[in-house]
Amino acid sequence: MRVPLSWLSEYVDITIQPEELAQRLTDAGLEVADIVRTGDWQNVFVGQVVELRPHPNADRLTLATVDVGGERQTVVCGAPNVAVGQKVAFAREGAVLVDPRTRQPAPLRRAVIRGVESAGMICSELELGLSDDHTGIMVLPEDAPVGVPLSSYLGETVLELEIRPNRPDALSVLGIAREVAALTGVQVREPPSEYEEHGPPVRSLASVVVEAPDLCPRYVAAVVQGVRIGPSPSWMQRRLEAAGLRPINNVVDITNYVMLEMGQPLHAFDWEKLARRRVVVRRAREGETLVLLDGTEARLQPDMLVIADAERPVALAGVMGGANSEVSESTTTVLLESANFLGPSIRRTAQALKVRTEASLRFEKGLSPYLPLYAARRAVRLMVELCGGTAARGLVDVFPARERQASIYLTQERLRRVLGMDVSREEVEQTLAALGFRCRWRRPATYVVTPPYWRTDVRIPDDVAEEVARVVGYERIPAVLRAPSLPPAEADPMRELRERVRDALAQAGMQEVITYPLSDRETLARVLSTEELASHPPLRVANPMSRELEYLRTTLRAGLLRSLVRNLRSRPGLVALFEVGRVFLPRTDDLPHEVEMAAGIVAGPKPDRWGLPRAEPADFFDAKAFLETALAILGVQAEFLPARHAVFLPGSTAEVQVEGKAVGLLGQLHPAVAQAFEVEGDAFLFELDLERLSPHVPAGRRYRPISRFPPVREDLAVVVDADVPAAAVRKLIEASPLVARAELFDLYTGPPVPEGKKSLAFAVTYQALDRTPSDEEVARERRRIVARLERELGASLRG
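Values in this document were obtained by computation on a predicted structure and should not be read as measured data.

**Q** Mind showing me how you'd approach the sheet that holds strand 20 (residues 305–308) here?
**A** Taken together, 5 strands build an open sheet; the order of strands is 14-17-20-21-22 and the sheet is mixed. The outermost strands of the open sheet, each flanked by one partner alone, are strand 14 (207–210) and strand 22 (320–321). Sheet analysis places strand 14 next to strand 17 (residues 278–283), joined by 4 bridges and oriented parallel. Note that in strand 17 the partner of Val209 across the bridge is Val280.

**Q** I'm lost on the packing of aromatic side chains in this one. Help?
**A** Centre-to-centre distance and the angle between the planes together describe a pair of aromatic rings. Following the criterion strictly, the structure yields 8 aromatic pairs and no others. Aromatic pair Trp235 and Tyr257: ring centres 5.7 Å apart, planes at 85 degrees, arrangement edge-to-face. Here Tyr257 lies in helix 6 (residues 250–262) and Trp235 lies in helix 5 (residues 234–242), a separation of 22 residues in the sequence. Classification of Trp235 by relative accessible area gives partly exposed; the value is 29%.

**Q** Could you clarify how one ought to interpret helix 2 (residues 18–27) in this entry?
**A** For the α-helix, the turn length of 3.6 residues means that residues three or four positions removed from each other point alike. Within helix 2, burial applies to Pro18, Leu21, Ala22 and Leu25. One face of helix 2 carries all of its buried residues, which in axial projection span an arc of 100 degrees. In the core, the buried residues of helix 2 are packed alongside helix 1 (5–8), strand 2 (31–38), strand 13 (156–162) and helix 4 (173–184). Looking one or two residues beyond helix 2, the residue adopting positive phi is Gly29, at roughly 100 degrees.

**Q** Hey, could you run me through the domain arrangement of the protein chain in this one?
**A** Interface extent is often summarised as the accessible area lost during association of the parts. Looking at the assigned domains, one finds that the protein chain contains domain 1 (2–39 + 157–184), domain 2 (44–154), domain 3 (202–398), domain 4 (409–474), domain 5 (493–696) and domain 6 (712–797). Look at where the C-alpha atoms of domain 4 and domain 5 centre, and you get two points 54 Å apart.

Conventions we followed
- Residue numbers restart at each chain and count upward from 1, following the sequence in its written direction.
- Reporting in this predicted model follows two pLDDT cut-offs: at least 70 for local features of residues, and 80 or more for side-chain atom pairs to be given and counted; totals over whole chains, interfaces and linings ignore these cut-offs and use all residues.
- As a rule here, side-chain values come from all non-hydrogen atoms in the structure, and water together with hydrogens is ignored.
- A pair of strands is treated as paired once DSSP finds two or more bridges between them.
- A run of H or I in DSSP becomes a helix once it reaches four residues, and a run of E becomes a strand once it reaches two; helices and strands are each numbered from the N terminus.
- Note on ring pairs: Phe, Tyr and Trp rings are taken, using the six-membered ring of Trp, and paired if centres are within 6.5 Å. Classes follow the plane angle, with under 30 degrees stacked, over 60 edge-to-face and the rest tilted.
- Buried means the residue's accessible area, taken with a 1.4 Å probe over protein chains only, is under 20% of the maximum for its type, while exposed means over 50%, and partly exposed covers the values in between.
- What the arc measures is the spread of directions leading from the helix axis to the C-beta atoms.
- For this analysis, residues touch if any pair of their heavy atoms sits within 4.5 Å.
- Marked domain ranges trace back to an automatic or database domain assignment.

Shown next as structure tokens:
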């Protein structure tokens, strides 16, 4: 928002320097991003040409006598458009102007031109730095005051403000004036809006029907007859240009001027181009099109709001008018629209058609429904004054859902708690009154506050407290802690477990990835079984950013697989990734159930002792080792039982159980799934449900003493049936009180091991806390272990 200070000063006295004003506005929440100054000319004045004489020694030059406020000076001039009576920009000797040849600033010096001395210059726009036009002198408007410095007449200081979405009232010069008045303790001067009504009743000239009151809460229409289309006054053009808009003609300029002045977008229709002089506010119909003022053809959708006459659309509501009802030089009667439209509807329309305008920018932020009436009256007054028009009697005002503005109750105690300091009753009432609020005191300690109609952002007591803080100054709020100490942290077991699992998987040697919680349905379907897809169908978000980010994930598998593929392509060696995050499972008539999950994936060649990739690829047991290591860090002992799942390869899938309860899955990715994600080679994936795992994770680690005595290590090889899990054998071996641990180091099938059997070799460590086990003890314990294995698993000692 560009606010020229010359325009702002019409409504409020500016008693401080622009820099201080900018700082105060910024401190109050209206950030001034920049202060732009134009026209800082020295020794350049408004003059009037009073006499022209031919140059005695040059046919194309003239001697122009210029009145500069009582002092006359004759200079040599070569411009073809100079004429007696013109108001011009006259530069005295010493003025710094743009040299037309070098385009660089240079001081103006006294010179003799073809025998005649010239100590000044009548300037062109190029020499003043206003444009590249050097075809003639710049002619000033007739109302330019002779003798005043040009900088005070044409120069301008403009504040460029960054307005937040919750302050649509600040997208107007009058809105900023109200802020300046409150911050500097002066009064606001409202622009006049009264005018004489000499025309026929407005309802005899036009009718308005609002068929979509949910999208158009209010529609105000006025009719002005006998207007003369032409350029707007120079003062209005200068203000529009300083604010960043291009002047067009007096009618259009008035609508833009009032929009910038009051914040309410307006639109002017050529009344004679409206079929049956009827305005219908409705949703667009299927197949309708409209050629806009910028020449583009808009294909309208049924959810778009249009302004139509009795036959066709004539404007895109809140965005842009149509070419079929445009005000032109032949226009004599204008129908003025001042309406309130639903912000989200205007935003969707502007985005769908890729048409963003100053009007749509304001409407989409949510304007007050009480603003159109004030803006319509102000615009009609200007049309009567500047266009020579006659205003019809009355206004058409369709406002079906008129509501009384509700009061807000703010207690003194709540104000103190929000601000952290005491503000006197007198100061609160004075501050709110300066901002346009109505405030009365209700005993024993309550402010009853009614916001002004233009402040749609103030709705609750804390909003009122913020207004007080903005104006009295945030610097007055004491910078102290609200309590002598920070409140104790609330325990969140699931968050703590999530962080412990994350740390444990990283300690096990895996690398963490974080993927998007959104995906597309086709990708999710590839990594879900039929049962999972039927019981927990992915939920679609209401407003997806793209088709690829449309559904909430119900598993971490898809994101891990995509990350795996990118990593395998970019670097050689073993890739071991994990993610800890939430999945979203649908619930009937409720928000989704957010389940904390952990998942990991392993693929690529195994590293050798130096960390370099070998030819041997990773297998099921590498993924199992990562998982077991992480669970051991958590103090959890897991079992792995054969299982089946559509996403995993049959025969290479295990259910992860802890104390007999299923907590996850581990297995080799099914080749069809791997191919769908373009994974080259075998990949092994595991996942854990942290909600199921939580009851089995000890809060702390239990101390186990370390023996001071040396261990005895032996290898033990047994032959068991092929379907006996190695974990079952290991569990029985470690059940011996003398065995510290047993580690599987070899699995063998083939001769001389009988068919249907397999050989499992374990490195067994015997250790006691109070002694070094003797050879006899170890041999005796080994015999007990073999006997138990033979009894319970049918194992035999391999010879």
